[in-house]
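# A closer look at the structure
Residues per chain, in single letters:
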Amino acid sequence: MIDALLQNVTILIFIYVFYHFTFRLLKGKPWAISIINGIFLGGTAILAMLKPFRIEEGIFYDARSIVIGIAGFFGGPLTGTIAAALALVYRISRGGAGVVPGSLSIIFPLLLSIFAAKVRPRYQPLAQKHPSLAIFGTWFLGFLIHVCVILAQFLLPNERWRETIPLMLFPFLVVFPIVFSLICLLFLDNEHLEKAIRDLAISEARYRSLFQNHHTVMLIIDAVTGAIVDANPAAEAFYGWDRAKLTTMRIQDINTLAPEEVEAEIARARNRHKNIFYFKHRRANAEPIDVEVYSGPISIQGKELLFSIIHDNSQRVRAEQEVRMLTETLEQQVKKRTEELEVKTQRLTELNREYESFVYSVSHDLRAPLRAIAGFSTILGNLLRENPQPGSDLQDVSTSRDKEVYHLLERIQANTERMQKLINDMLMLSRVGTRTLNLQPIDLSLMAQEILDEETEDKKERHFECHVQRGLHTVADPDLARILLVNLVSNAVKFTQRRESARIEVGSELREGKKVFYIRDNGAGFDVEAAGDRLFGPFQRFHDNADFEGSGIGLSIVKRVVTRHGGSVTIESVPEKGTCVYFNFGEAE
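So, here is what we can say about the structure in this document.

Thresholds, definitions, all that
Residues numbered from 1 in each chain as written. Predicted model: local features only at pLDDT ≥ 70, side-chain atom pairs only at ≥ 80, totals over all residues. Heavy atoms only, no water. Core = buried A, V, L, I, M, F, W, Y, C linked by side-chain atoms within 4.5 Å. Buried < 20%, exposed > 50% of the residue type's maximum accessible area, 1.4 Å probe, protein only. Helix = DSSP H or I, 4+ residues; strand = E, 2+ residues; numbered from the N terminus. Contact = heavy atoms within 4.5 Å. Pairing = 2+ DSSP bridges. Axes fitted to C-alpha atoms, helices over the stretch in contact; angles between N-to-C directions.

### Digging into the nonpolar core
Within the largest apolar cluster, 39 residues are counted, with the highest numbers of intra-cluster contacts made by Leu484, Leu485, Leu488 and Phe583. Secondary structure elements with two or more residues in this core: α13 (444-456), β9 (463-468), α14 (478-495), β11 (501-511), β12 (514-521), α16 (554-564), β13 (568-574) and β14 (578-584). Tallying contributions element by element places α14 first for this core, with nine residues. Those residues in contact with Leu488 that sit more than four places away from it in its chain are Ile519, Leu555, Val558, Val581 and Phe583. With 25 residues, the next largest nonpolar core counts Val217, Ala231, Ile251 and Leu306 among its residues.

What follows is the structure, given as structure tokens:
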């Protein structure tokens with residue numbers, strides 16, 4: 001019995017070797033593999049039946065159940081059916097009392113193995129994660145097959161099963177399931193190996209195709225010696241040498257740097273300290289060319305190599321040189337223009353200083369004559385009153401000549417006062433542009449309220465509706481901010497003098513996402529579009545002097561103040577409907 005078992009195990013090992021030899025030989029032809037392996041496995045089952053464990057004539061046992069189970073489980077329905085058919089023909093031809101159980105010992109393994117083959121893909125991923133499940137699963141299938149073989153022995157005539165079954169229990173329930181499982185594991189391991197070989201071949205073909213067919217220049221270089229191990233067709237076209245020539249060269253032969261410098265760069269790429277390089281590379285029939293090299297270490301069969309991708313960088317280098325030249329030219333032009341601008345700025349500063357000095361001097365020098373004119377006209381009027389014309393009544397100085405003289409003196413004094421105000425405004429405009437800013441947080445609400453009170457205090461005969469929004473805070477020069485508010489508030493008070501109820505409002509709002517302050521009134525207003533560019537010019541007036549007095553410098557002062565702070569000012573006005581001035585302190589705020 002032991003000899004028969006050993007012979008059957010030898011046959012089973014032979015199955016494994018020949019089966020996979022056929023599989024590799026007929027790769028890519030599944031139908032041919034199934035037919036040939038079916039015939040081969042059927043012949044193996046017959047071979048096993050030639051070396052059986054015999055009980056009596058016509059009743060013998062062997063490893064046919066293992067062979068048919070392997071055929072169905074790994075070969076599929078076609079291979080299993082062919083193998084089972086050949087084994088059945090032979091077993092029936094042998095005849096004897098055990099022909100029926102012997103035939104069932106072929107049919108049961110076929111059916112169970114085909115069923116197991118159908119459900120195998122569902123559980124295969126789980127078995128790959130947990131190898132112990134594969135061992136248990138194959139053993140259980142072998143155990144189940146041989147339990148069915150033992151059950152088939154109950155069909156032996158004359159209750160011969162009583163004699164045969166005890167003899168079958170150990171080999172069929174212990175040895176054969178283990179042998180079946182071991183052979184299955186060999187087949188599974190071979191399948192994994194075949195799959196790994198296929199995947200490796202596909203991967204190698206993919207990357208070989210990528211290397212060979214890519215239009216980018218690629219080189220594989222020995223990381224130690226710098227020898228070129230491989231080059232793709234794009235490298236042949238780029239350098240002008242064929243692959244056979246390139247693979248006899250070193251990268252030091254192509255790079256224009258000194259060999260020791262190239263070796264230092266190779267070491268950097270090899271240690272991953274640097275992966276982008278800019279070189280000049282020699283070519284077979286052309287001048288050296290600027291290249292950009294992306295290089296990094298790879299390992300093939302334990303050998304350290306560098307995989308390098310080379311790009312033609314000549315156009316970029318040429319463009320950078322042109323940009324550098326243009327930049328240098330532009331810098332020279334900028335430097336020249338800057339020097340010219342500095343000269344002009346210095347001259348403008350000097351002119352502006354001279355202008356301000358002139359304005360100040362003129363304004364200062366005009367004050368004394370104006371004071372003299374005002375004083376002399378006053379003295380002259382007093383003298384006329386004290387010394388009336390001969391023949392006139394001392395109590396009556398209202399002769400026609402005296403009235404004319406008094407009228408002229410009043411006009412002289414009125415124009416003198418107007419001239420003094422104009423001079424003061426000119427001095428203020430000059431000082432606004434020259435004084436140093438003293439930026440600090442200020443309360444515009446408090447400042448505006450104080451100025452409104454001052455401007456309306458001596459105008460008790462008029463009715464004012466003034467509203468100042470609380471919490472108007474900003475950062476600005478307090479003196480300049482007061483000058484701005486004084487000019488705007490005084491304008492609002494002046495241009496509302498013909499209204500029964502003058503409304504003046506000081507507040508803030510968001511315009512185009514920015515916070516601005518405003519002073520709004522319901523006064524005379526004017527046509528902003530007609531004013532145009534003259535709006536903030538000095539000495540510009542948009543009302544007759546007979547209607548509203550003024551020097552025409554107030555808006556110029558407002559514009560100068562906000563400009564000094566880096567801010568802006570705009571005006572909205574409609575004739576006879578009022579004016580609103582919007583302003584902010586820009587960068588200062």
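After that view, the rundown keeps rolling.
### A short note on the pairing of β13
Consecutive residues of a regular strand have side chains that alternate between opposite faces of the sheet. Alternating residues of β13 divide into Val569, Ile571 and Ser573, all buried, and Ser568, Thr570, Glu572 and Val574, none buried. Bridge count between β13 and β14: seven bridges; the pairing is antiparallel. In the sheet register, Thr570 faces β14, and the bridge partner there is Tyr582. The hairpin formed by β13 and β14 contains three residues between the paired strands, and Glu576 there has a positive phi angle of roughly 65°.

### Quick notes on the side chain of Asn313
Relative to the helices and strands, Asn313 resides in the loop between β7 (303-312) and α11 (314-386). If we skip the residues at most four places from it in the chain, Asn313 touches Tyr278, Asp290, Val291 and Glu292.

### Let's talk about the sheet that holds strand β3 (residues 217-222)
One open sheet accounts for five strands, arranged β4-β3-β7-β6-β5; its pairing is antiparallel. Edge strands, defined here as strands with exactly one partner in the open sheet, are β4 (228-231) and β5 (276-281). With strand direction ignored, the average angle separating the axes of adjacent strands in the sheet is 30°. The sheet contact formed by β5 and strand β6 (residues 289-300) spans six bridges and is antiparallel. Residue pairing across strands places Tyr278 opposite Glu292, the latter belonging to β6.

### A few points about the sheet that holds β9
Spatially, the five strands line up as an open sheet ordered β9-β11-β12-β14-β13, and their pairing is mixed. Strands at the two margins of the open sheet, each flanked by one partner only, are β9 and β13. Across the sheet, the mean angle separating the axes of adjacent strands is 15° when strand polarity is ignored. Set on the sheet, α13 makes contact with β9, β11 and β12; between it and β9 the angle comes to about 170°.

### Section: the pairing of β11
The sheet contact formed by β9 and β11 spans six bridges and is parallel. Residue pairing for β11: Cys466 is matched across the bridge by Ile504. Across eight bridges, β11 lies against β12 in antiparallel orientation. Paired with Val506 across the two strands is Ile519, which belongs to β12. Counting the residues between successive antiparallel strands, the hairpin from β11 to β12 contains two residues, one of them, Glu512, with a positive phi of roughly 55°.

The values are spatial; any link to function lies outside them.
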